[in-house]
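Given next are the chains, with one letter for each unit.
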Amino acid sequence: MAVQRTFSILKPDATRRNLTGAVNAVIEKAGLRIVAQKRIQMTKAQAETFYAVHAARPFFGELVEFMTSGPVVVQVLEGESAISAYRDVMGATNPANAAEGTIRKLFAESVGENTVHGSDAPETAALEIAQFFAGNEIVG
């Protein structure tokens, strides 16, 4: 297994409920290191670019509106097989189907307000990280 990096967002539903520390604790307990992190207010343009893959889907406008409705915490996580490890600890998109102890089972309010985003592949992770972080902001 190789050490890799993945991208994470703690979504507005998490920051609104002051869950940043609680979510970070679950991430770290899973063996992932937070090597970059910042709290931002995502702009409409940033959200539209980030979620461009969903632009033709009926929920796109609602997703962009939600992601710009409050601050988010963007992160770079590092660890052994970080992409799959983080996807495992996030849990299923629908919190009702998420395994016990996962972030979404513990904290998500709904399918739409599901607390976190994580990259799904190495190529996606690289693009997502580059959208929000300069190389010198990532320190491991």
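As the structure is a computational prediction, the values presented were derived from the model and not from experiment.

Draft legend 1. Structural view of the overall build of the protein chain. In terms of helices and strands, the protein chain carries seven helices and four strands. Counting from the amino terminus, helix and strand elements in the protein chain follow one another as β-α-α-β-α-α-β-α-α-β-α. For the protein chain, the computed accessible surface area is about 7100 Å², with 53% contributed by carbon and sulfur atoms. In the protein chain, 13 side chains carry a positive charge and 15 a negative one; their mean positions are 3 Å apart.

Draft legend 2. View of the pairing of strand 1 (residues 3–10). In this sheet, strand 3 (residues 72–80) lies alongside strand 1 in antiparallel orientation, the contact comprising eight bridges. Bridging from a neighbouring strand, L10 pairs with V73 of strand 3.

Draft legend 3. Up close: the layout of surface pockets. As a volume, the largest pocket reaches approximately 790 Å³. Together, 28 residues line the largest pocket, and K11, Y51, H54, L63 and H117 are the ones closest to its centre. The set of elements that each furnish at least two residues to the lining of the largest pocket consists of helix 3 (44–50), helix 4 (60–67), helix 5 (82–90), strand 4 (116–118) and helix 7 (122–132). The element contributing the most residues to the lining of the largest pocket is helix 7, with four residues.

Draft legend 4. Structural detail: the UniProt feature "binding site: ATP" (unreviewed entry) in the protein chain. According to UniProt, the "binding site: ATP" (unreviewed entry) feature falls on K11, F59, R87, T93, R104 and N114. Here the residues from the annotation list that line the largest pocket are K11, F59, R87, T93, R104 and N114. Residue F59 is classed as partly exposed on the basis of its relative accessible area, which comes to 37%. Mapped onto the fold, N114 is located in the loop between helix 6 (103–107) and strand 4. Look past the residues within four positions of N114 in its chain and what remains in contact with it is K11, D13, T93, R104 and A108. Here the side chain of N114 touches K11 through a polar contact of 2.7 Å, side chain to side chain.

Draft legend 5. How the structure looks around the packing of aromatic side chains. Applying the stated criterion to the full structure yields four aromatic pairs. Consider the rings of F7 and F132, whose centres lie 5.5 Å apart with planes at 10 degrees: the pair is stacked. Of the two residues, F7 is situated in strand 1 and F132 in helix 7; the sequence distance between them amounts to 125 residues. Side by side, F7 and F132 carry an identical accessibility label, which is buried. Taken together, a centroid distance of 4.8 Å and an interplanar angle of 80 degrees make the contact between F50 and Y51 edge-to-face. Assigned by exposure class, F50 and Y51 land together as buried.

Draft legend 6. View of the sheet that holds strand 3. Spatially, four strands are ordered 2-3-1-4 in an open sheet, and the strand pairing comes out antiparallel. Each edge of the sheet is formed by a strand with only one pairing partner; in this case those strands are strand 2 (33–40) and strand 4. Neighbour-to-neighbour, the strand axes of the sheet open up by a mean angle of 20 degrees, direction not taken into account.

Draft legend 7. Local environment of the UniProt feature "domain: Nucleoside diphosphate kinase-like" (unreviewed entry) in the protein chain. The feature "domain: Nucleoside diphosphate kinase-like" (unreviewed entry), as annotated in UniProt, sits at residues 3–140 in this numbering. Across residues 3–140, the secondary structure splits into 40% helix and 20% strand, with the terminal C-alpha atoms separated by 12 Å.

Conventions used here
Numbers given to residues run from 1 along each chain, matching the order in which its sequence is written. Per-residue local features are limited, in this predicted model, to residues with pLDDT of at least 70; the limit for side-chain atom pairs, both in listing and counting, is 80 or more; totals at the level of whole chains, interfaces and linings are taken over all residues. Processing note: side-chain calculations cover all non-hydrogen atoms of the structure and skip hydrogens and water entirely. Each helix is a run of H or I in the DSSP string that is no shorter than four residues. Each strand is a run of E no shorter than two, and both are numbered from the N terminus. All accessible areas in this document rest on Shrake-Rupley with a 1.4 Å probe, and a residue is counted as covered only by the protein chains that are shown. For this count, His and the chain ends are skipped, Lys and Arg are scored as positive, and Asp and Glu as negative. All charge positions are set by atom: Lys at NZ, Arg at CZ, Asp at CG, Glu at CD. Strand pairing is assigned whenever DSSP detects at least two bridges linking the two strands. Cavities and pockets are defined on a 1 Å grid built over the protein atoms alone: a cavity is a set of grid points where a 1.4 Å probe fits but cannot escape, while a pocket is an open set with protein on both sides within 12 Å along at least five of seven lines, and lining residues are those with an atom within 4 Å of any such point. Grid points are joined across faces, edges and corners, and a volume is the space filled by probe spheres set on the points. UniProt positions are given in the numbering used here, feature names are shortened, and annotations may be inferred rather than shown by experiment. Each residue's exposure class comes from its accessible area (1.4 Å probe, protein chains only) as a fraction of the maximum for that residue type: buried when under 20%, exposed when over 50%, partly exposed otherwise. Contacts: residue pairs with any heavy atoms within 4.5 Å of one another. What qualifies as a polar contact is a pair of N or O atoms within 3.5 Å, subject to a donor-acceptor requirement within protein and to the restriction that residues adjacent in sequence count only when both atoms come from side chains. Any two of the Phe, Tyr and Trp rings considered here, Trp counted by its six-membered ring, make a pair once their centres fall within 6.5 Å; the pair's planes then place it as stacked at under 30 degrees, edge-to-face at over 60, or tilted in between. Every axis in this analysis is a line fitted to C-alpha atoms, fitted for helices over the stretch in contact. Angles between the N-to-C directions lie between 0 and 180 degrees.

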